[in-house]
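Analysis of the macromolecular model
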Amino acid sequence: MKRGSNMPAVGTYNQTLVLDMIRRSPAGLSRTELAERTGLSAQTLGNVARRLAAEGFVVEGHRVVAGPGKPRTPLQLNRTARYAVGIHLDPAVDTFVVVDLSGGVIAHTERPPAEGADAPELIAALARDADALLRSADVPLARVLGIGVAAPGPIDDATGTVLTPPLLPSWHHTRLREQLARATGHPVVLEKDVVAAMVGELWAEADHALDDAALVYYGAGIGLGMAVDGEAVRGRTGNAGDIGHLLVDPGGQECSCGSRGCLGVTVAPERLLFDAGITPSPVIAPTAVWGAIDELRVRIAAREARAVEVRDRAAATFALAIVLLNNLLDAETFVIGGPVWNRLGRELKPALDAALPTVRQSTATRPLVLREARLGTDLAAAGAASLVLDEAFTARASDLMIGLS
Ligand SMILES: [Zn+2]
């Protein structure tokens, strides 16, 4: 089912369609090229372009003389026309970014999550820090479209409520969308972190290579983002993408669900750190994980046997999970990223690349492509900001149905 949008509509279907094409072409597109690609008449296209320019979304580039015929003047995205804020709530760190209309991050800050405070205090802290970042970035507030928030699931899509993410107890049952909108005066969207990450990667991708793809999110938990036909898959309730209980190691570690060898417990950073002999217990505070992961990285680089074995086992587990998910989705391209991946990816990627073709369960007809997230360390936060841009600027046929054209 198509969702309604909480973001104010920015333009008509034709305007968003044309703007979407322009923003995906760094060099810009001429009116002739746009007319060809959209199928709009020259006159309609001229009207659309004029309105986009009048509202400041596009600017005229330098005239280009190429071959016979009239020189063409490309229309280019005016990146500073609008901005969005993205916030990523994570058990170990809260990340804030401001992105411009191209989706590029122009300001970033992070801080340890507020602990033990009640919901109103947590909301007030988010509002204060988002506001401070906007001011430091010198962004005109009238150009801020809204705030996107990415949180671990489960969420309640209908009310914009953070339900019961296991590692964020202080946020449980908080009506975040409504309360943060009231505290900041900006519209707010809330999505599960993996969905936000997928939207962010789709937004950052110029050539539609991820229109049918998947994204493995490796953080405190593990999740799957999915794109079908250029749209992130949210599921009925906004909670699609839970792969923590995918069985990858029968007889392996015991999981909270009662089974053994679920993906989540098998590659949990706490488990890897314990198995590598770095931490004395497989249960440590989320905030203590980062420093220990850095130590694991150092030991892998030094080729310490136990650390290398842990790395290879994690790579084989990821390879099996990705192959099984690809058998299901036929995604072919998998993006991988997230907070733990950011710290360990350089060590894990070569081992994972080597392991993928050896997984015998694969039913794919072509080799799997695995690549790292373009948004890097800002994956979920920039993804959250992209939710705002996406709602405001992505041309959807459903918009035609509800009469925005
Ligand atoms: Zn389980």
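Reading the values: the criteria
Residues numbered from 1 in each chain as written. Predicted model: local features only at pLDDT ≥ 70, side-chain atom pairs only at ≥ 80, totals over all residues. Heavy atoms only, no water. Helix = DSSP H or I, 4+ residues; strand = E, 2+ residues; numbered from the N terminus. Rg over C-alpha atoms; globule rule 2.2 N^0.38 Å. Buried < 20%, exposed > 50% of the residue type's maximum accessible area, 1.4 Å probe, protein only. Areas by Shrake-Rupley, 256 points an atom, 1.4 Å probe, with all protein chains shown as cover. Lys, Arg positive; Asp, Glu negative; His and termini not counted. Charge placed at Lys NZ, Arg CZ, Asp CG, Glu CD. Expected span 1.5 Å × (residues − 1). Contact = heavy atoms within 4.5 Å. Salt bridge = Lys/Arg side-chain N within 4 Å of Asp/Glu carboxyl O. UniProt positions renumbered as here; feature names shortened; annotations may be inferred. Pairing = 2+ DSSP bridges. Core = buried A, V, L, I, M, F, W, Y, C linked by side-chain atoms within 4.5 Å. Domains from an automatic or database assignment. Donors = N, O, S within 2.8 Å, 3.2 Å for Na, K, Ca; no water. Tetrahedral: all angles 85-135°; square planar, octahedral: opposite > 155°, others 65-115°. Axes fitted to C-alpha atoms, helices over the stretch in contact; angles between N-to-C directions. Parallel < 35°, antiparallel > 145°, perpendicular 65-115°, else oblique. Left-handed = near helix turned anticlockwise from the far one by under 90°. Nonpolar A, V, L, I, M, F, W, Y, C, P; charged D, E, K, R; others polar.

Per an unreviewed UniProt entry, the chain carries the name Putative NBD/HSP70 family sugar kinase and comes from Microbacterium kyungheense.

This part is about the overall build of the chain. Within the chain, the regular secondary structure consists of 13 helices and 14 strands. Against the globule reference of 22 Å for 405 residues, the chain gives a C-alpha radius of gyration of 22 Å, in line with a compact fold. Dimensions of the chain, computed from the C-alpha atoms along their principal axes, are close to 70 × 50 × 40 Å. The proportion of buried residues among the 405 residues of the chain is 53%. When the accessible area of the chain is evaluated, it comes to approximately 18,200 Å², of which 52% is carbon and sulfur surface. Separation between the mean location of the 39 positive side-chain charges and that of the 46 negative ones in the chain comes to 5 Å.

Along its 18 residues, helix α4 (residues 119–136) runs 26 Å from first to last C-alpha, staying within 8% of the 26 Å computed at 1.5 Å per residue. Buried-residue contacts for α4 involve β3 (83–88), β4 (94–100), β5 (105–111), β6 (144–151) and α5 (176–184). Following α4 by one or two positions, D138 has its phi on the positive side, about 60°.

For the structure on display, the rule yields 24 salt bridges. For D131, the salt bridge goes to R135, with nearest N and O atoms at 2.9 Å. Residue D131 and its partner R135 are located together in helix α4, separated by four residues, close to a single helical turn. Note on D131: relative accessible area 28%, which makes it partly exposed. For the salt bridge of R371 with E205, the shortest nitrogen-to-oxygen distance reads 2.7 Å. In this pair, R371 is assigned in strand β14 (residues 369–372) and E205 in the loop between α6 (193–204) and β10 (213–218), connecting sequence segments 166 residues apart. If you follow the salt bridges from partner to partner, you end up with R271, D275, E309 and R313 in one network.

Under the feature "domain: HTH marR-type" (unreviewed entry), the UniProt entry names residues 12–59. Each end of residues 12–59 is marked by a C-alpha atom, and these two atoms are 19 Å apart; helix forms 67% of the span and strand 4%.

Another aspect to go through is the sheet that holds β10. Taking strand neighbours across the sheet as the criterion, the five strands line up as β12-β11-β10-β13-β14 in an open arrangement whose pairing is mixed. Edge positions in the sheet fall to β12 (231–232) and β14, since each of these pairs with one other strand and no more. Pairing analysis gives two bridges linking strand β11 (residues 222–228) to β12, with the strands arranged antiparallel. Note on β12: the bridge partner recorded for A227 is A232.

A word on the nonpolar core. By size, the foremost hydrophobic cluster in this structure holds 51 residues, and its most contacted members are V18 and F393. Looking at this core element by element, the count peaks at eleven residues for helix α12 (residues 379–393). Listed in part, the 46 residues of the second largest apolar core include I278, I322, L352 and V359.

Let's shift gears to the domain arrangement of the chain. Interface size is commonly expressed as the accessible surface area that is lost when the partners come together. Parsing the chain into structural domains produces domain 1 (13–80), domain 2 (81–199 + 380–392) and domain 3 (208–373). Using C-alpha coordinates to define each centre, domain 1 is positioned 42 Å away from domain 3.

The coordination sphere of the zinc ion, as far as protein atoms go, consists of H245 (ND1), C255 (SG), C257 (SG) and C262 (SG), spread over 2.1 to 2.3 Å. Its four donor atoms give the zinc ion angles of 102 to 120° at the centre, a pattern that matches the tetrahedral case. On the accessibility criterion, C257 (41% relative accessible area) is partly exposed.

Turning our eyes to something else, we now look at the packing of α6 against α12. How two helices pack is summed up by the angle between their axes together with the distance between the axes. Packing of α6 against α12 leaves a shortest axis separation of 7 Å and a crossing angle of 70°. By the criterion of interaxial angle, the relationship of α6 to α12 is roughly perpendicular. In this structure, α6 meets α12 at a crossing whose hand is left-handed. Judged by residue contacts, A196, A197, V199, G200, E201 and W203 of α6 engage L379, A380, G383, A384, S386, L387, L389, D390 and F393 from α12. Taken together, the residues of the contact of α6 with α12 break down into ten nonpolar, three polar and two charged.

Time to look at the pairing of β10. Burial analysis of β10 places six of its six residues in the buried class, which makes it a mostly covered element. Residues A213, L215 and Y217 of β10 are buried on one face, and the alternating residues A214, V216 and Y218, pointing to the opposite face, are buried as well. Across six bridges, the pairing between β10 and β11 is antiparallel. Each residue of the ladder has a partner; that of A213, found in β11, is A227. Linking two consecutive strands that pair antiparallel, namely β10 and β11, is a turn of three residues. Two elements, β10 and strand β13 (residues 333–337), share five bridges in a ladder whose sense is parallel. Residue pairing for β13: A214 is matched across the bridge by F334.

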